[in-house]
Structures are given as C-alpha cells and as structure tokens.
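Here is what each chain is made of, one letter per residue.
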Amino acid sequence: MPALEKSRREINEIIVHCTATRAGRQVSVAEIDSWHRQRGFSSIGYHYVVALDGTVSPGRSPHLAGAHCLGHNSKSIAVVYVGGLDSAGHAADTRTDAQKAALTALLKALRGTYPNARIRSHRDFAAKDCPCFNATAEYAAL
Ligand SMILES: [Zn+2]
C-alpha cells in the first residue's frame with residue numbers, strides 16, 4: 001500500500017467506487033486517467049485504485065478534490081476497485097479476494113488518517129449501482 005499522505009482538505013467522507021469494467025479485466029491507473037481526461041477532468045478523478053491483484057496505487061493527489069461524486073468532491077477521498085460488471089456487463093460485486101483484503105486494509109488506514117470521515121458507497125448519492133456492493137454497510141465497523 002502507498003504511504004497515505006494526509007489531505008490538507010477537511011475530509012468527512014471516504015467514497016467507494018468501481019471502474020464499471022468486466023470481471024477479470026485489468027485496468028491501470030493510466031487507463032482511468034485517460035478516460036477521465038477524455039471527459040474533461042484534469043486527471044484521474046479517484047485518489048486510490050485497487051487492482052485485481054490487490055495492489056493499491058495512488059491516483060489524484062489527496063490534497064486535490066476528486067472528480068467522482070457530484071456534490072461530494074470537495075470534502076471526500078475517492079477509492080475505486082477495478083471491476084463491478086459481470087461477464088455479461090451487468091452490475092455485480094466482482095471483487096477478488098485480494099481486492100477485498102486490500103480494500104479493508106486501505107479503508108482501515110484511511111479511517112485512521114481521517115477518524116471523522118464516514119465510509120460510503122457512491123450509490124448512496126447517485127442513481128447508480130456503483131460500487132455494486134453495499135460498502136456503507138460492509139465497512140461501517142472499520
Ligand atoms: Zn462511482
């Protein structure tokens with residue numbers, strides 16, 4: 001896991017996302033960065049990316065507001081795992097065991113860094129399936 005640099009912003013939410021890509025498809029930080037630049041963002045909109053093998057990579061600097069959840073960007077940290085769609089392209093919890101372990105470790109560390117921040121699912125704030133599982137409930141006790 002990368003060292004967690006503490007944001008100079010006030011953080012009150014840690015919002016979990018998926019890349020909305022099919023199970024088993026590798027997606028790099030560079031690829032997400034390119035998608036988001038094509039959408040007009042300055043760079044990748046998430047702060048941390050959890051790959052299929054559980055590797056956690058830094059995305060956008062935590063000092064900068066992300067671009068990931070309308071109305072919630074200024075005071076949040078965005079975490080994304082690679083996946084979220086089954087082989088037919090439908091929303092599904094495709095987290096690998098390695099991703100589950102890495103997400104728990106990363107979110108625990110983020111809660112340590114931002115003790116007042118609540119862990120939430122993107123879908124709590126938008127009419128979307130993202131992150132295709134109930135992160136708010138699953139991580140409520142971290
Ligand atoms: Zn999302």
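Thresholds applied
Residues numbered from 1 in each chain as written. Predicted model: local features only at pLDDT ≥ 70, side-chain atom pairs only at ≥ 80, totals over all residues. Heavy atoms only, no water. Phe/Tyr/Trp six-rings, centres within 6.5 Å; stacked < 30°, edge-to-face > 60°. Buried < 20%, exposed > 50% of the residue type's maximum accessible area, 1.4 Å probe, protein only. Helix = DSSP H or I, 4+ residues; strand = E, 2+ residues; numbered from the N terminus. Pairing = 2+ DSSP bridges. Core = buried A, V, L, I, M, F, W, Y, C linked by side-chain atoms within 4.5 Å. Contact = heavy atoms within 4.5 Å. Arc of directions from axis to C-beta.

Caption draft 1: How the structure looks around the packing of aromatic side chains. In total, this model carries 2 aromatic pairs according to the counting rule given. Taken together, a centroid distance of 6.0 Å and an interplanar angle of 90° make the contact between F133 and Y139 edge-to-face. Here F133 matches Y139 in class, with each residue buried. An aromatic cluster is present here, built from Y81, F133 and Y139 joined pairwise through their rings.

Caption draft 2: Geometry of the pairing of strand β5 (residues 76-81). Burial of β5 is extensive: 6 of the 6 residues sit out of reach of the surface. Burial of the side chains of β5 extends over both faces: S76, A78 and V80 are buried on one face and I77, V79 and Y81 on the other. Where strand β1 (residues 13-18) lies against β5, 6 bridges are found, and the strand directions are parallel. Directly across from H17, in β5, lies its bridge partner V80. Here strand β3 (residues 48-50) runs beside β5; their pairing, made up of 3 bridges, is parallel. The partner of V49 across the bridge, within β5, is V80.

Caption draft 3: Focus on the nonpolar core. Judged by nonpolar contacts, the single largest core of 23 residues is most densely connected at V50, V79, L107 and L110. Going through the elements one at a time, β1, β3, β5 and α2 (97-113) are the ones with two or more residues in this core. Per-element tally for this core: the top contributor is α2, with 5 residues. Those residues in contact with L110 that sit more than four places away from it in its chain are L4, I14, Y48, I77 and V79. The next biggest cluster of nonpolar side chains, apart from the first, holds 9 residues, and it includes V27, I32, Y46 and V82.

Caption draft 4: How the structure looks around helix α1 (residues 29-38). Within α1, the full set of buried residues consists of I32, D33 and H36. Axial view of α1: buried residues confined to an arc of 105°, hence all on one face. In α1, the exposed positions angled more than 90 degrees off the buried face are occupied by A30 and Q38. Looking at the packing, one finds that the buried side of α1 touches β3 and β5. Phi turns positive one or two residues past the end of α1, at G40, with a value near 95°.

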